[in-house]
Amino acid sequence: MRATARAWRELDLAALTGNLRAVEARLPPGCRVMAVVKADAYGHGAKTVARTLQRAGVRAFAAACLDEASALRRAGVGGEILVLGYTPPELAGVLARWRIAQTVLDEDYACRLSAQGVPLRVHLALDTGMHRFGLPAGDLAAARRVLALPHLHVVGTMSHLCAADSDPAETEAQAARFFAAVRALEASGLDPGRLHFQASYGVWNLPPQPCGYVRAGLALYGVPSDSRPLLYPMALRPVLSLRARVASVRDLAAGEGAGYDLAFRAERPTRLAVVAMGYADGLPRDLGRRGGEVLLRGRRCPVVGLVCMDQLLADVTGAGPVRSGDIATVIGRDGPEEITAVELAARCGAITNELLSRLSRRLGLVTRRQKS
Ligand SMILES: *Cc1c(COP(=O)(O)O)cnc(C)c1O
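Values in this document were obtained by computation on a predicted structure and should not be read as measured data.

If the charged atoms of two oppositely charged side chains come close together, the side chains can form a pair. Counted under the stated rule, the structure contains 27 salt bridges. Salt-bridge contacts for R268 lead to D315; the nearest nitrogen and oxygen are separated by 3.8 Å. Highlighted residues: R268 in the loop between strand 13 (264-265) and strand 14 (270-275) and D315 in strand 17 (residues 312-315), separated in sequence by 47 residues. A salt bridge links E354 to R358, with the nearest nitrogen and oxygen atoms 3.2 Å apart.

Here it is as C-alpha cells:
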C-alpha cells in the first residue's frame, strides 16, 4: 500500500538532524541530548526518529512506558533508554532483559522495585515543585534511603520543570532546589550520576545548566508548544508536514447545505473539496468553526461544516482548478503559504505536543532526507 494513497505524515529527516545540532550547540561541555520519543515520537514515528537520531550520534532516549522502550530496543536502538513513567515493579525482569533504565517515581515505588531482587539501572526523580513524580527535593534522608536500596543502580538524578514556558521565577526556583538537593547528596558522599532536569523549554528559557543530559522532545521536532516568545531561541525547522488527497470536488448552489447537520450553508455558489482526512486522524470535529484552513494549490482554503471521521470539507471557490487526487496540506508548506503546527494547534484549542501526539497511526509515514 502506498503511504501517500490517502493521508500522510511527511518527515523531513534533514530538519530532524539539523534541530539536533542546534540543540547540541546550546549545551555546555559534557552535556548530551536525551531524545524524548514517547507517544510514537509525538506522532512522528518513534522507530524512524530514533534510528535517524542514533545515526546522528544520539546515545540516550526517553520513552513514556516499558512497551515504548522495548519497541525501541527491538528496532535496534542502543545506548540508554529511560522509561519516564510507571512500570509495574513485577516487570523488573523485562526492564533488565532489555537493559532499560527506569525512573524512580517515589520512595514507595523504589522499595517495590528493589524488592523484585533484579539488578536495575534507575534514574532518581526529585520533586522540585511540580508534584507529579519524585522524592521531595528537600528530603535528603529519603534520597539516602533510596540510594542504599539493594539492586537499584542509580545512574542519573533528574527533575522536571512545570512552568518553564510561563514562569521564569518558578523555573529558577526549581533549578535551585534541584542543584541544592544534588549538592547535598554529593556532600554526603553519594553519587547522583548524570543530572538532567531541562526539557525543551528548559533549554529555550534558561541559560546552559551544568547537567549531563537535556531531555529534548519538541525542540528536536522543530516546533514550540505555542507562539509565546522564547528567551534563548534556536534556529529550528519543523520536521512534520501533514497532507491528504482531495477525494472529490463538488459545486453547491447558493442556499444548499453540506456535511453532517448541514452545518455548512452556501451563501453563494460554492465549490467544495472533500479532503480525505478526518477526526479519526486526530483533527477536532469543530475545526471549521474554529477558523481552520488547509492549503490547496498554494492557497488558504477555509475548512467548512463539521469534520467527519475520515473526511473534511474545504471551500475552494477561490483556489483555481482543484481536482480529485490533488494534495491538500493540513500542516506544512505549499508554495508561498505555510500552516504551522503551532497555528493549527492554537485553532484546535491545544498545544502542538497535544495535537501532534494525537495524530492517528493510520496516517501514512513518508520520509524525506533532502533539504527542501
Ligand atoms: C515529555 C517530557 C520531556 C520532553 O518534553 P519536551 O517539551 O517535548 O521537550 C522531558 N521530560 C519529561 C519528564 C517528559 O515527560
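There's more to say after this.
This part is about helix 6 (residues 107-114). Of the positions making up helix 6, those classed as buried are Y109, A110, L113 and S114. Viewed end-on, helix 6 has its buried residues packed into an arc of 130°, placing them on one side of the element. In this structure, the buried side of helix 6 is in contact with strand 5 (101-104), strand 6 (120-127), helix 7 (140-147) and strand 8 (152-158). The distance from a side-chain oxygen at the start of helix 6 to the backbone nitrogen of D108 is 3.2 Å, and the residue carrying that oxygen is D106.

Along an α-helix, residues three or four positions apart point the same way, because every turn accommodates 3.6 residues. Relative to the 28 Å expected for 20 residues at 1.5 Å per residue, helix 8 (residues 168-187) spans 28 Å between its end C-alpha atoms, a close match to the ideal helical length. When we look at burial in helix 8, the residues that qualify are T171, Q174, A175, F178, F179, A181, V182 and L185. Buried residues of helix 8, viewed axially, fall in a sector of 155°; they line one side. Seen from the buried face of helix 8, the exposed residues on the opposite side, beyond 90 degrees, are A169 and A187. Of the residues flanking the end of helix 8, it is G189, one or two places downstream, whose phi is positive at about 80°.

Next up on the list: the site of the ligand. Looking at the ligand, the residues that line it are V36, K38, Y42, L84, R132, H160, A199, S200, R215, A216, G217 and L218. Taking S200, its side chain carries an N or O atom lying 2.5 Å from an oxygen atom of the ligand. Between R215 and the ligand, the recorded distance is 2.8 Å, taken from a side-chain N or O atom to a nitrogen atom. Protein chains bury 88% of the 390 Å² of accessible surface belonging to the ligand in isolation. Spatially, the ligand is embedded in the largest pocket. When residues of the shell around the ligand are traced back to their parent elements, those giving at least two are helix 2 (38-42) and strand 10 (213-216).

Packing of helix 1 (residues 13-24) against helix 3 (residues 46-55) leaves a shortest axis separation of 10 Å and a crossing angle of 55°. The pairing of helix 1 with helix 3 is recorded here as oblique in orientation. Crossing geometry of helix 1 relative to helix 3 is assigned as right-handed. Here helix 1 contributes L13, L16, T17 and L20 to the contact with helix 3, which in turn contributes T48, V49, T52 and L53.

This next bit is on empty space enclosed by the protein. Counting across every chain of the model gives one cavity of 30 Å³ or more. Within this model, the largest cavity holds a volume of roughly 40 Å³. Contributing to the lining of the largest cavity are R26, L27, P28, C31, Q198, V203, P208, Q209 and V214. Residue classes in the lining of the largest cavity are distributed as six nonpolar, two polar and one charged.

Of all hydrophobic cores here, the largest spans 119 residues; its most connected members are V33, L53, F61, L124, L220, L296 and L344. Not counting chain neighbours up to four residues away, the residues in contact with L344 comprise L283, L287, V330, I331, I339 and L355. A258, A266, L272 and V274 belong to the second largest nonpolar core, which has eight residues in total.

What follows concerns the pairing of strand 6. Most of strand 6 sits inside the fold, with seven of its eight residues counted as buried. As defined by bridge partners, strand 5 adjoins strand 6 across three bridges and the pair is classed as parallel. Across the sheet, residue V104 finds its bridge partner in strand 6, namely L124. A crossover links strand 5 with its parallel partner strand 6, the connecting element being helix 6, and its sense is right-handed. Where strand 6 meets strand 8, six bridges bridge the pair, whose relative direction is parallel. If you follow A125 over to strand 8, its bridge partner there is M158. Bridging between strand 6 and strand 7 (residues 135-136) involves two bridges; their strand directions are parallel. Pairing of D127 across the sheet is with P136, part of strand 7.

This part takes up the environment of A56. Tracing the backbone shows A56 in the loop between helix 3 and strand 3 (60-63). Sequence separation of A56 and R21 is 35 residues, and the distance between their C-alpha atoms is 9.0 Å.

Here the focus is the layout of surface pockets. By volume, the largest pocket is sized at about 860 Å³. Around the largest pocket, the lining comprises 39 residues; the ones closest to its centre are K38, Y42, R132, H160 and A199. Elements supplying a minimum of two residues to the lining of the largest pocket: helix 2, strand 6, helix 9 (200-204), strand 10 and helix 12 (352-357). Residues belonging to the lining of the largest pocket are distributed by class as follows: 19 nonpolar, 13 polar and seven charged. A volume near 310 Å³ is recorded for the second largest pocket. Around the second largest pocket, the lining is made up of 20 residues, and of these P238, S241, G332, R333 and E338 lie nearest the centre. Of all elements in the fold, only strand 11 (240-252), strand 18 (327-334) and strand 19 (337-339) reach the threshold of two or more residues within the lining of the second largest pocket. Its residues assigned to classes, the lining of the second largest pocket shows nine nonpolar, five polar and six charged.

Parameters at a glance
Residues numbered from 1 in each chain as written. Predicted model: local features only at pLDDT ≥ 70, side-chain atom pairs only at ≥ 80, totals over all residues. Heavy atoms only, no water. Salt bridge = Lys/Arg side-chain N within 4 Å of Asp/Glu carboxyl O. Helix = DSSP H or I, 4+ residues; strand = E, 2+ residues; numbered from the N terminus. Buried < 20%, exposed > 50% of the residue type's maximum accessible area, 1.4 Å probe, protein only. Arc of directions from axis to C-beta. Contact = heavy atoms within 4.5 Å. Polar contact = N/O pair within 3.5 Å; in protein donor to acceptor, adjacent residues only side chain to side chain. Expected span 1.5 Å × (residues − 1). Near = heavy atom within 4 Å. Areas by Shrake-Rupley, 256 points an atom, 1.4 Å probe, with all protein chains shown as cover. 1 Å grid on protein atoms, 1.4 Å probe; cavity = no way out; pocket = protein on both sides within 12 Å on 5 of 7 lines; lining within 4 Å. Sits in = over half its atoms within 2 Å of the grid points. Axes fitted to C-alpha atoms, helices over the stretch in contact; angles between N-to-C directions. Parallel < 35°, antiparallel > 145°, perpendicular 65-115°, else oblique. Left-handed = near helix turned anticlockwise from the far one by under 90°. Points joined across faces, edges and corners; volume = space filled by probe spheres on them. Nonpolar A, V, L, I, M, F, W, Y, C, P; charged D, E, K, R; others polar. Core = buried A, V, L, I, M, F, W, Y, C linked by side-chain atoms within 4.5 Å. Pairing = 2+ DSSP bridges. Right-handed = clockwise from strand over helix to strand, strands pointing away.

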